[in-house]
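Topology and contacts: notes
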Amino acid sequence: MPQNFIVKWHSATVQKAGNSPLENEDQFSPVMENGAIVQSEVFRCALADGATQSIFARQWAKHLVDDYVEAKAISDLSSIVEKASKKWGQDVKNIALDWPAQEKMRKGAYSTLLGIEFGILSENPHSRQDTGNWCAFSIGDTCLFQYRKEFLVKSLPGKNEIVFNNSPKLIGSLASSKLPAEESPHIGDWRSGDDFFLMTDALAEWAYKCVERSVNVPGIIKDKLTRKSKTNSFSDWISNLRNQREIRNDDTTLIWIKIY
Amino acid sequence: MAYHAEISRTNPTCFLFLVDHSTSMQDPVMGIPENPKKSEFVANAINKVLQSLIVSASKDLEIRNYYQVGIIGYGFEVKSLWAGGLRDQKLAWIDDIYKNPLRIEERIIKDVDENGDEIEFVTKFPVWVEPVSKGQTPMCSALNMAVDVLKEWVAEHQESFPPTVINLTDGESNDGDAKKFAEELKSITTNDGAVVLLTVHASSNPFSEQLFFPSKAAQMPDHFSKVMFSMSSELPEGMRKTASELTGLEIDNGSRGFVYNADISGIVQALEIGTRPSNLP
């Protein structure tokens, strides 16, 4: 059995205060227990943030992340989106809609998408790897941070490209929707022990501010994701950040991938 | 910072329309005979705004109660215009408004598809408000009623985005000094800021110049327009941005929420700017 690299997984998500968990429009794939370990020669994951103002955005975000992770090849984002669009269309076609929903249906659902695939560099897929490469798509304000020990190696979208406001780039669910322009993949490399953090916009905005102030972002995040006690959990932490107005009240999701 | 509260079901906001029902509202917009009567155009525009608010509050198969809405008509009488299932309410929840139109008409809408081809589709057009044009212009009484309604509302919604009041008129108050009542209205606050009072003055003259969100009283041509200028609030930043986006104009800091001699598109744009919340989730 190939043991090219190992991924250790942690994730947490909490809905916007005032909403129910079923109204959380952040979606990710795969869904695994915290601390789960995967041995593989390829590992993919994706995080999407459905746009609240659009219709059936939760379902759209879910199809996007699932189809990204299950795609034969990730290089052709438009075919991944096309497949997800057909599934979303099937989901909603028989739902009886009242006139406000019909109005929104004319525009369809919208979502961000951040997808990353980790691979190996060696031509011998059976040897244990301590370096490799990654390839990521980033549409919108869902962000990726790669840390090597406490040093930020890479962030997507980059500090100079990211704007946190109410109009990020989004992927539409209708066949007539066009993908935002210039969405070529980003590539990078990983070394054993690197940490990758994927975050939706509210937390990502906080993380970027922390980076500017030289705050140890990985240290804080790892602590919040690995606490065993039910008190002081991820949701308590997010709730405190919201109360202190350090982050916006929004669906908030964090994925931590340690690769080695 | 003011005007930053997020609009949510926990902290909804409020829109209150004051609609001039005076006899002169039966004249056509801009005095051009081919144009619709001001009363008909304004009623139609308010029905469209209510539809837009409902659509913006709709999420999948439900309408989320992000807003309470009131409509006060002032002419031969001053009263809340809610009727049918909403009768006797001063402020109605957006979900109840959705459920209680007076009737639903079907209208054909023309649009352009992604290929640039013209398309037509039938759409539902709910109606809540009918045109009225009878009587004087008791604007002070209407503003006074708005003061009472909103004092009560803010007492229960201190953390909310402040109420927006849009006064649609074609003339001067004839029951007193409207400025005094406007000041009282603008002094009502939540923790996020004061009530925003916008004035949309519908034009009666094809040759009069439309003034969109002026920033200086000196820009106003006469005493009457200066009074309406001073009655109107400074536009909060979010509305200024929306106004710039929609009109393509540069809207100065300190611009007042006032459109003088509004033509047909001016009325529609002013209503959209006043009711397109920038703080929705």
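Some details on unusual backbone geometry
In this chain, Ser29 of chain A is followed by Pro30 of chain A through a cis amide linkage whose omega measures 0 degrees. Structurally, Pro30 of chain A can be placed in the loop between strand E2 (26–29) and strand E3 (36–40). Looking along the chain, the bond that leaves Leu156 of chain A and enters Pro157 of chain A is cis, with omega of -15 degrees. In the Ramachandran plot, Tyr3 of chain B falls in the positive-phi region, its phi being about 60 degrees despite a non-glycine side chain. Following the sequence through the fold, Tyr3 of chain B ends up in the segment before strand E1 (13–20). Classification of Tyr3 of chain B by relative accessible area gives partly exposed; the value is 22%.

Notes on the pairing of strand E6 (residues 113–120) of chain A
Residues and elements named next belong to chain A. Taken across its eight residues, E6 has eight buried, putting it largely inside the fold. Where burial is concerned, the two faces of E6 agree: the one with Leu113, Gly115, Glu117 and Gly119 and the one with Leu114, Ile116, Phe118 and Ile120 are both buried. With five bridges joining them, strand E4 (residues 43–49) and E6 adopt antiparallel strand pairing. Pairing of Ala46 across the sheet is with Gly115, part of E6. In the sheet, E6 pairs with strand E7 (residues 131–139) via eight bridges, with the strands oriented antiparallel. Of the residues in E7, the one forming a bridge with Phe118 is Trp134.

Remarks on the sheet that holds strand E13 (residues 252–259) of chain A
Residues and elements named next belong to chain A. Spatially, the six strands line up as an open sheet ordered E3-E1-E13-E12-E8-E9, and their pairing is antiparallel. Here the strands that pair on one side only, and so sit at the sheet edges, are E3 and strand E9 (151–156). On average, adjacent strands in this sheet sit at an angle of 20 degrees to one another, irrespective of strand direction. Relative to E13, strand E1 (residues 5–14) is paired through eight bridges, and the arrangement is antiparallel. Within E13, the residue paired with Ser11 across the bridge is Ile255. Relative to the sheet, helix H5 (residues 217–226) contacts E1, strand E8 (143–148), strand E12 (194–199) and E13, its axis offset from that of E13 by approximately 100 degrees.

Regarding the environment of Arg64 of chain B
By secondary structure assignment, the location of Arg64 of chain B is in the loop between strand E3 (62–63) and strand E4 (67–74). Take Arg64 of chain B: its relative accessible area is 5%, and that puts it in the buried class. Measuring from C-alpha to C-alpha, the distance between Arg64 of chain B and Asp95 of chain B comes to 6.7 Å, with 31 residues separating the pair along the chain. Residues contacting Arg64 of chain B, with those up to four places away along its chain left out, are Asn19, Glu23 and Thr52 of chain A together with Arg9, Ala57, Lys59 and Ile94 of chain B.

Details of the sheet that holds E6 of chain A
Residues and elements named next belong to chain A. Taken together, five strands build an open sheet; the order of strands is E2-E4-E6-E7-E11 and the sheet is antiparallel. Both outer strands of the open sheet, E2 and strand E11 (186–191), are each paired with one neighbouring strand and no more. Each strand of the sheet is rotated relative to its neighbour by a mean of 15 degrees, with strand direction disregarded. Here E7 runs beside E11; their pairing, made up of six bridges, is antiparallel. From the neighbouring strand, Trp134 faces E11, where its bridge partner is Gly188.

Considering the packing of aromatic side chains
Considering all chains together, one arrives at 19 aromatic pairs over all chains under this definition. Ring plane angle 65 degrees and centroid distance 5.5 Å describe the contact between Phe15 of chain B and Tyr67 of chain B, whose orientation is recorded as edge-to-face. In this pair, Phe15 of chain B is assigned in strand E1 and Tyr67 of chain B in strand E4, connecting sequence segments 52 residues apart. Comparing Phe15 of chain B with Tyr67 of chain B shows no difference in burial state: the two are buried. Through a chain of ring-to-ring contacts, three or more aromatic side chains come together here, namely Trp9, Phe28, Phe43, Phe118, Trp134 and Phe196 of chain A. A cation sits over an aromatic face here: Arg107 of chain B above Phe125 of chain B, 3.5 Å from the ring centre. In this structure, Lys134 of chain B packs its charged tip against the face of Phe76 of chain B, placed 4.5 Å from the ring centre.

A few points about helix H4 (residues 201–212) of chain A
Residue and element names in this part refer to chain A. Between its terminal C-alpha atoms H4 stretches 16 Å, which fits the 16 Å expected from 12 residues at 1.5 Å a residue. Burial runs high along H4: nine of the 12 residues are buried. Listed as buried for H4 are Asp201, Ala202, Leu203, Ala204, Glu205, Trp206, Ala207, Tyr208 and Cys210. A positive backbone phi angle near 60 degrees is found at Ser214, which sits one or two residues after H4.

Focus on the confidence of the model for chain B
In this model, chain B carries an average pLDDT of 91, and 98% of its residues clear a pLDDT of 70 or more. This prediction of the complex comes with two scores: 0.89 for pTM and 0.85 for ipTM.

Quick notes on the environment of Pro180 of chain A
All names here are of chain A. If you trace the backbone, Pro180 turns up in the loop between strand E10 (171–172) and E11. The sequence separation of Pro180 and Ile139 amounts to 41 residues, and the corresponding C-alpha distance is 7.7 Å. If we ignore the near neighbours within four places in the chain, the residues touching Pro180 are Ile139, Lys169, Leu170 and Ile171.

Section: helix H5 (residues 223–231) of chain B
Among the residues of H5 of chain B, Phe224, Ser225, Met228, Phe229, Ser230 and Met231 of chain B are the ones counted as buried. The secondary structure elements touched by the buried residues of H5 of chain B are helix H3 (139–156), strand E9 (164–169), helix H4 (178–186), strand E12 (196–202) and strand E14 (258–262) of chain B.

A look at the side chain of Ser155 of chain A
All names here are of chain A. Along the polypeptide, Ser155 turns up in strand E9. Ser155 sits in the buried class, given a relative accessible area of 14%. A polar side-chain atom of Ser155 sits 2.9 Å from a polar atom in the side chain of Tyr208. With residues near it in sequence (within four places) discarded, Ser155 still touches Leu144, Phe145 and Tyr208.

Describing the interface of chain B and chain A
Listed by partner, the interface residues are 24 residues for chain B and 25 residues for chain A. Here chain B and chain A share an interface that buries about 2,000 Å² over both sides, 50% of which is from carbon and sulfur atoms. Sorting the residues of chain B by area buried against chain A places Lys59, Asp60 and Leu61 of chain B first, and these three jointly supply 26% of that buried surface. Linking chain B to chain A there are four salt bridges.

What counts and how
Residues numbered from 1 in each chain as written. Chains lettered and ligands numbered in written order. Predicted model: local features only at pLDDT ≥ 70, side-chain atom pairs only at ≥ 80, totals over all residues. Heavy atoms only, no water. Helix = DSSP H or I, 4+ residues; strand = E, 2+ residues; numbered from the N terminus. Buried < 20%, exposed > 50% of the residue type's maximum accessible area, 1.4 Å probe, protein only. Pairing = 2+ DSSP bridges. Axes fitted to C-alpha atoms, helices over the stretch in contact; angles between N-to-C directions. Contact = heavy atoms within 4.5 Å. Phe/Tyr/Trp six-rings, centres within 6.5 Å; stacked < 30°, edge-to-face > 60°. Lys NZ or Arg CZ within 6 Å of the ring centre and 35° of its normal. Expected span 1.5 Å × (residues − 1). pLDDT = per-residue confidence, 0-100. Polar contact = N/O pair within 3.5 Å; in protein donor to acceptor, adjacent residues only side chain to side chain. Buried area = accessible area lost by both parts, 1.4 Å probe. Salt bridge = Lys/Arg side-chain N within 4 Å of Asp/Glu carboxyl O.

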